[in-house]
Protein chains: 2
Amino acid sequence: MAERTTVTMPDEAARRIAPPPSMARLAADAVRKMILTGELQPGDRVVENQLTHQLGVSRPPLREALRVLEQEGLLVQQPRRGVIVVPINLHDVYEIFTLRDQLERMAVELGVPVRSPDRLERCRAALRDLEDAARAGDAATVTDRAFDFHLAVVGLAGHRRLEESYRSLSLQMRLCMGMNQRARVAGEGLWGIVERHRAILATLERGNPQEVLEMLTDHGQHTFVLELGHSLSGRSAEAEAWLERLGRSRSDTALGLEAPRS
Amino acid sequence: MAERTTVTMPDEAARRIAPPPSMARLAADAVRKMILTGELQPGDRVVENQLTHQLGVSRPPLREALRVLEQEGLLVQQPRRGVIVVPINLHDVYEIFTLRDQLERMAVELGVPVRSPDRLERCRAALRDLEDAARAGDAATVTDRAFDFHLAVVGLAGHRRLEESYRSLSLQMRLCMGMNQRARVAGEGLWGIVERHRAILATLERGNPQEVLEMLTDHGQHTFVLELGHSLSGRSAEAEAWLERLGRSRSDTALGLEAPRS
DNA sequence: GCCTTGTCTTCTGTAGACAACGGTGAACTC
DNA sequence: GAGTTCACCGTTGTCTACAGAAGACAAGGC
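All of these numbers come straight from a predicted model, not from anything done at the bench.

Chemist: What should I look at first to understand helix H2 (residues 23-36) of chain B in this one?
Modeler: Given 3.6 residues to a turn, an α-helix orients residues that are three or four positions apart in the same direction. All names here are of chain B. Over its 14 residues, H2 runs 20 Å from end to end, which matches the ideal 20 Å to within 8%, given 1.5 Å per residue. Looking only at H2, the buried set comprises Ala 24, Ala 27, Ala 28, Val 31, Arg 32, Met 34, Ile 35 and Leu 36. One or two residues past the end of H2 sits Gly 38, with phi positive at roughly 90°.

Chemist: What am I meant to see in the relation of the copies chain B and chain A here?
Modeler: Overlaying chain B with chain A gives an RMSD of 0.0 Å, the required rotation being 180° about an axis along which the chain moves by 0.0 Å. Those values place the two copies in the arrangement expected of a two-fold rotation axis. The position closest to the rotation axis in chain B is occupied by the C-alpha of B:Glu64, lying 2.5 Å away. Same-surface contact between copies: 97% of interface residues of chain B are shared with the interface of chain A.

Chemist: Is there a simple way to think about the sheet that holds strand S3 (residues 82-85) of chain B in this case?
Modeler: By way of backbone hydrogen bonds, the strands of a sheet pair with one another, either parallel or antiparallel. Residue and element names in this part refer to chain B. Strands sit in the order S1-S3-S2 across an open sheet of three strands; the sheet is antiparallel. The sheet terminates laterally at strand S1 (45-46) and strand S2 (75-78), the two strands that pair on one side only. Pairing of S2 with S3 involves four bridges; the strand directions are antiparallel. Its bridge partner being in S3, Gln 78 is matched across the sheet by Gly 82.

Chemist: What is the right way to look at the pairing of S3(B) in this model?
Modeler: Two faces make up the sheet, and in a regular strand the side chains alternate between them. Residues and elements named next belong to chain B. Taken together, the two bridges between S1 and S3 define a ladder with antiparallel strand orientation. When the bridges of S3 are listed, Arg 45 appears paired with Ile 84. Connecting the antiparallel pair S2 and S3 is a turn made up of three residues, with Arg 80 showing a positive phi of about 65°.

Chemist: Which parts of the structure should I look at to understand the sheet that holds strand S1 (residues 45-46) of chain A?
Modeler: Sheet architecture is open: three strands sit in the order S1-S3-S2 (chain A), paired in antiparallel fashion. One side of each edge strand has no neighbouring strand; the edge strands of this open sheet are S1 and strand S2 (75-78) of chain A.

Chemist: Any chance you could explain the protein's contact with DNA strand D here in plain terms?
Modeler: Taken together, 20 residues lie around DNA strand D, and A:Arg59, A:Arg63, B:Met23, B:Ser58 and B:Arg81 are the ones closest in. At the protein interface, 65% of the atoms of DNA strand D within 4 Å belong to sugar or phosphate. The separation between a phosphate oxygen of DNA strand D and a polar main-chain atom of A:Val46 is 3.4 Å. A:Arg59 is positioned with one of its side-chain polar atoms (N or O) 2.7 Å from a base nitrogen of DNA strand D. Mapped onto the surface near DNA strand D, the elements with two or more residues apiece are S1, helix H3 (48-55) and helix H4 (59-71) of chain A together with H2 and helix H4 (59-71) of chain B. Residues that form the surface near DNA strand D fall into these classes: seven nonpolar, five polar and eight charged.

Chemist: Hey, could you run me through the packing of helix H2 (residues 23-36) of chain A against H3(A) in this one?
Modeler: How two helices sit against one another is set out by the angle between their axes and by the gap between those axes. Residue and element names in this part refer to chain A. Two numbers describe how H2 lies on H3: the axes approach to 11 Å, and their chain directions differ by 110°. Overall, the two elements H2 and H3 adopt an arrangement that is roughly perpendicular. When H2 is examined against H3, the residues Ala 27, Ala 30, Val 31 and Met 34 are found in contact with a partner set consisting of Leu 51, Gln 54 and Leu 55. Its residues assigned to classes, the contact of H2 with H3 shows six nonpolar, one polar and no charged.

What counts and how
Residues numbered from 1 in each chain as written. Chains lettered and ligands numbered in written order. Predicted model: local features only at pLDDT ≥ 70, side-chain atom pairs only at ≥ 80, totals over all residues. Heavy atoms only, no water. Helix = DSSP H or I, 4+ residues; strand = E, 2+ residues; numbered from the N terminus. Expected span 1.5 Å × (residues − 1). Buried < 20%, exposed > 50% of the residue type's maximum accessible area, 1.4 Å probe, protein only. Least-squares fit on C-alpha atoms with pLDDT ≥ 70 in both. Contact = heavy atoms within 4.5 Å. Pairing = 2+ DSSP bridges. Near = heavy atom within 4 Å. Polar contact = N/O pair within 3.5 Å; in protein donor to acceptor, adjacent residues only side chain to side chain. Nonpolar A, V, L, I, M, F, W, Y, C, P; charged D, E, K, R; others polar. Axes fitted to C-alpha atoms, helices over the stretch in contact; angles between N-to-C directions. Parallel < 35°, antiparallel > 145°, perpendicular 65-115°, else oblique.

In short, the description is geometric, and any link to function would need to be established separately.
What follows is the structure, given as structure tokens:
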């Protein structure tokens, strides 16, 4: 009897952790990856028949997958004309970064005072993964792991809906950053990224929410500035204006950003 | 020529506002309504074949609709077992109310200082609709319009993603409140609801974000307390503890709520 | 009498096919 | 020569049909 349970239990556990992968879920993961890796770029048309052949799946589950990605903010539907990868303009960048920042702040306010040991351990594990990726010199993976780290930080709050919203915005943020990734990593260096996240974790361990908030705000604005620098390249006047606003707002609230005109 | 444009333009405009109603979209709207009106209650199984017959639509578009509602947080999928209406426990109520409150605060901080005239007008129109519903004595519509009003307030920020997240949470909130609606309305009275929203609009017009924030926090906690009162009915000890925490946090930050144990 | 096991039904997951709409290009008319 | 119209093609939106799995129920064994 004891043997039987030891045989069946892993099966049950596996099923709970990884439910039998439906084609729709696999398709969603595959297309999401194609978008985040830049294989599909913002504005690109997504033709259902092409993807069905490419992924070896029929259209109904693929369409379900597209609806999911649409809700995640990665695709937009144009009735009778199919879906395209969401085009990102300056205002979108503004929206994504401000809302993400706000959610992160809320998570810290909720999660840091509690400092649940297992959730903190998740953060530490995420940092280790980030370091491993840096050691391997894999820029793309470093970006992925950095996002995972932030997700773990948000996870401190034990707030499922908050985490889910944050995850969705992170995906869109990666979409923004996709094209500029090489330039960004080259500019900062992999270990620069690691160092900044190490500092965040150290602050977390100390458990002072205010300190964490300041650090995260700095970190977020750093990333934001980098992103703006790329998004606005060639429009230096606008870039200047934005950076000036950021400088002003840094001493203010994290929300002290005004929406761009465009 | 001028005639042609005047003929086609309304068509185009209408299409932008109400895209050609695909069966999937209609199905999503119909099922959403069934959930919010309580025809489908939390925990209820949603059987695809039943709905296809009920709605006169075939399964593929219905399944697409279910994926959308799933992303909206109204349904949860149980692999190989279909979907159920999301069950709401105490922790869910906590999550929904805290996150919604935070988003609303962010919207006010962004939107009130600007006070875009057309967006303010949208708020006024929403309040008028609310008053009309109260005049008609229609409790369900009053609830709907109250939510619309809050959505209009959030719309002040001109932040699409913020508004979308807020909308999703409002749906879930309505799911929480669905069952207790009669009791709540009876307890407060339709015009009590109207009066509180009138006060919010008046504050908005004055344009002081801090004032609006205080008012909204009070309003949100009022609703929260009502909801808790119903959710916790029969468990007065827990209810007492929660209310005490609320009392303490009111003078603190709007986020001064700790997660419930369950 | 209770547990186990086998079968049966029901529902989900998926595939393939049809219909309708929109876009594009060429031909025709002015 | 330019504008317009029409027809074709491609794509989406939808439906019907099939395979496979999960749960329910009944019959048999312990």
